[in-house]
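A look at the structure
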Amino acid sequence: MKKALSIATSDSGAGAGIQADLKAFLRCGVYGTTALVATTAQNTVGVKDIFAFPPEVAVRQIEAVAEDIGADAVKTGMLFNAGIISAVAETVARLDLPNLVVDPVMVAESGAKLLEDDAVESYRRELFPVARVITPNANEAFALLGAEPDEERIEEVAIELHSLGPENVVVTGGHTDSGADLLYDGRKFTRIEGPVHAGGNAHGSGCTHSSALASFLALGLPVEEAARRAREVAAEAVQYGLGEVGAGPGPVHALGRVLEEAGIYQEVSG
Ligand SMILES: Nc1ncnc2c1ncn2[C@@H]1O[C@H](COP(=O)(O)OP(=O)(O)OP(=O)(O)O)[C@@H](O)[C@H]1O
Ligand SMILES: Cc1ncc(CO)c(N)n1
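Residues numbered from 1 in each chain as written. Chains lettered and ligands numbered in written order. Predicted model: local features only at pLDDT ≥ 70, side-chain atom pairs only at ≥ 80, totals over all residues. Heavy atoms only, no water.

So, the packing of helix α3 (residues 82-94) against helix α4 (residues 120-127)
Where α3 meets α4, the closest approach of the two axes is 9 Å, and the angle between their N-to-C directions is 10 degrees. If you check the angle between α3 and α4, you find them roughly parallel. Contacts between α3 and α4 involve Ala82, Ile85, Ser86, Val88 and Ala89 on the former and, on the latter, Ser122, Tyr123, Glu126 and Leu127. Looking at the contact of α3 with α4 residue by residue, the class counts come to six nonpolar, two polar and one charged. (Axes fitted to C-alpha atoms, helices over the stretch in contact; angles between N-to-C directions. Helix = DSSP H or I, 4+ residues; strand = E, 2+ residues; numbered from the N terminus. Parallel < 35°, antiparallel > 145°, perpendicular 65-115°, else oblique. Contact = heavy atoms within 4.5 Å. Nonpolar A, V, L, I, M, F, W, Y, C, P; charged D, E, K, R; others polar.)

Right, dumping it as structure tokens:
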């Protein structure tokens, strides 16, 4: 079985964060491991508290996973501060871990800030240069460049982000009118279209997408095919989103369709 490592933060409500990552890994058929860098006291309504661990906590977990289990791909989610981002970048490079997908999580669906202001520079200088793919959503793509959101300029922004060093940029479009993701590989743009599911139970869609992308890279797919399949998995997780869980936007359900096809969806979700 191929393996994927998530370096990210806990969401106590388990819709996003490291919990969403493990569900997405399972959905995609890879063995998921985790390095927890911080924890949130969070539910579907909002983020009440954030507790970050010292960077060494991340380093030791990544080393433990790498020396025994290994990783065919790695994804990073919420890393919260500059110290953690630097430590993760150094460790992933030192251990030569392949297929790094960086999801530069900045703001929660509920509006809470999930990244300290001075940490943006660490993403730009330290983590993006070692990434195979970065997956900002449209708002994050502009914020990473200190620019105001303007959908007309999305291609320019992808080019500018690519110049910071990642091999590929996927700007996710969950919050745009078209709902399309945009891949830029340094030469050409590819629009990744697909169904848009209304309903608003999309808490964790970004985490699910970046984990699915890492999974498909771990399985050996080329980036474009991995990005297409990742959008399908994320969209399907939104389609099966669990409105009945919590009072806020419900968590995505990465395994919804798989459970339905197995005939056990009602027992689990009903
Ligand atoms: N309503 C939707 N219908 C179909 N696909 C969606 C929908 N919302 C998001 N997606 C897909 O989910 C993936 C993540 O996109 P999005 O832009 O929402 O990420 P994000 O904003 O980082 O997520 P999060 O809200 O978890 O932080 C993308 O592939 C996107 O196309
Ligand atoms: C822990 C965590 N990671 C990522 C997100 C982004 O959705 C979130 N809300 N919480």
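Next comes the rest of the description.
Looking at the site of ligand 2
Every residue near ligand 2 is listed here: Thr9, Ser10, Ala16, Gly17, Gln42, Met78, Val105, Ala108, Leu114, His203 and Cys207. Within the side chain of Gln42, one N or O atom sits 2.9 Å away from a nitrogen atom of ligand 2. Within the complex, 92% of the 290 Å² of free accessible area of ligand 2 lies under protein. (Near = heavy atom within 4 Å. Polar contact = N/O pair within 3.5 Å; in protein donor to acceptor, adjacent residues only side chain to side chain. Areas by Shrake-Rupley, 256 points an atom, 1.4 Å probe, with all protein chains shown as cover.)

Quick word on the layout of surface pockets
Of the voids in this model, the second largest pocket is the one considered here, and its volume is about 220 Å³. The wall of the second largest pocket is formed by 16 residues, among which Arg228, Arg229, Arg231, Glu232 and Val233 lie closest to the centre. At eight residues, the largest contribution of residues to the lining of the second largest pocket is made by helix α8 (residues 223-239). The class makeup of the residues in the lining of the second largest pocket is five nonpolar, three polar and eight charged. (1 Å grid on protein atoms, 1.4 Å probe; cavity = no way out; pocket = protein on both sides within 12 Å on 5 of 7 lines; lining within 4 Å. Points joined across faces, edges and corners; volume = space filled by probe spheres on them.)

Some remarks on the state of the cysteines
This model, assessed by the stated rule, comprises zero disulfides. Cysteine Cys28 is unpaired, with the sulfur of Cys207 as its nearest cysteine sulfur at 14 Å. (Disulfide = S-S within 2.5 Å.)

Concerning the site of ligand 1
By nearness alone, 19 residues border ligand 1, and Asn137, Thr172, His175, Asp181 and His197 come closest of all. Within the contact set of ligand 1, an oxygen atom lies 2.8 Å away from a side-chain nitrogen or oxygen of Asn137. Take His175: an N or O atom from its side chain is 2.9 Å from an oxygen atom of ligand 1. For the shell around ligand 1, the secondary structure elements donating two or more residues are α7 (205-218) and α8. Take the shell around ligand 1: its biggest share by element is four residues, from α8. Along the lines of polarity and charge, the residues of the shell around ligand 1 split into five nonpolar, eleven polar and three charged.

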